[in-house]
Amino acid sequence: GERPELYFYRDARQHEVDLLHVDSLGRMNAYEIKSGQTFRSDYFSGLHYLEEVMGDKLNHTCVIYDGELEQQKQKEAYCNYKNITITL
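This write-up is about the structure you can find in this document. (Residues numbered from 1 in each chain as written. Predicted model: local features only at pLDDT ≥ 70, side-chain atom pairs only at ≥ 80, totals over all residues. Heavy atoms only, no water.)

Comments concerning the sheet that holds strand S2 (residues 16-22)
Here is step 1: Spatial ordering of the open sheet is given by S1-S2-S3-S4-S5, a layout of five strands whose pairing is mixed. Pairing within the sheet leaves two strands with one partner each, and these edge strands are strand S1 (5-10) and strand S5 (77-80). Between one strand and the next, the sheet's axes are offset by a mean angle of 30°, whatever the strand orientation.
Here is step 2: Its contacts with the sheet place helix H1 (residues 45-54) against S1, S2, strand S3 (28-33) and strand S4 (58-65), and it is angled at close to 170° to S4. (Pairing = 2+ DSSP bridges. Helix = DSSP H or I, 4+ residues; strand = E, 2+ residues; numbered from the N terminus. Axes fitted to C-alpha atoms, helices over the stretch in contact; angles between N-to-C directions. Contact = heavy atoms within 4.5 Å.)

Next comes the structure, spelled out in structure tokens:
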């Protein structure tokens, strides 16, 4: 019966990130969700802005999309929506 800490981010300048998740250790993780099948580096623009704002408070960033290319890293990861698991 716990409520997961899931948020949407948008500021006054219309910078936005689709999903912010605070994990059980209190770390902030950010996800940008795209419907495209072709990965584009500009998918990270909102995540890069959030990194500037949050600094070290941001633990993990990932673009979730419908393509086949995947890269698993702590920052700037990208993966197919079928292969991601977010532990609430």
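The structure having been displayed, the exposition proceeds.
Quick word on the environment of Tyr-43
Here is step 1: Looking at the element boundaries, Tyr-43 is found in the loop between S3 and H1.
Here is step 2: The spatial distance from the C-alpha of Tyr-43 to the C-alpha of Tyr-65 is 9.4 Å, given a sequence separation of 22 residues.
Here is step 3: What Tyr-43 contacts, discounting residues up to four positions off in sequence, is Glu-32, Lys-34, Gly-36, Thr-38, Val-63 and Tyr-65.

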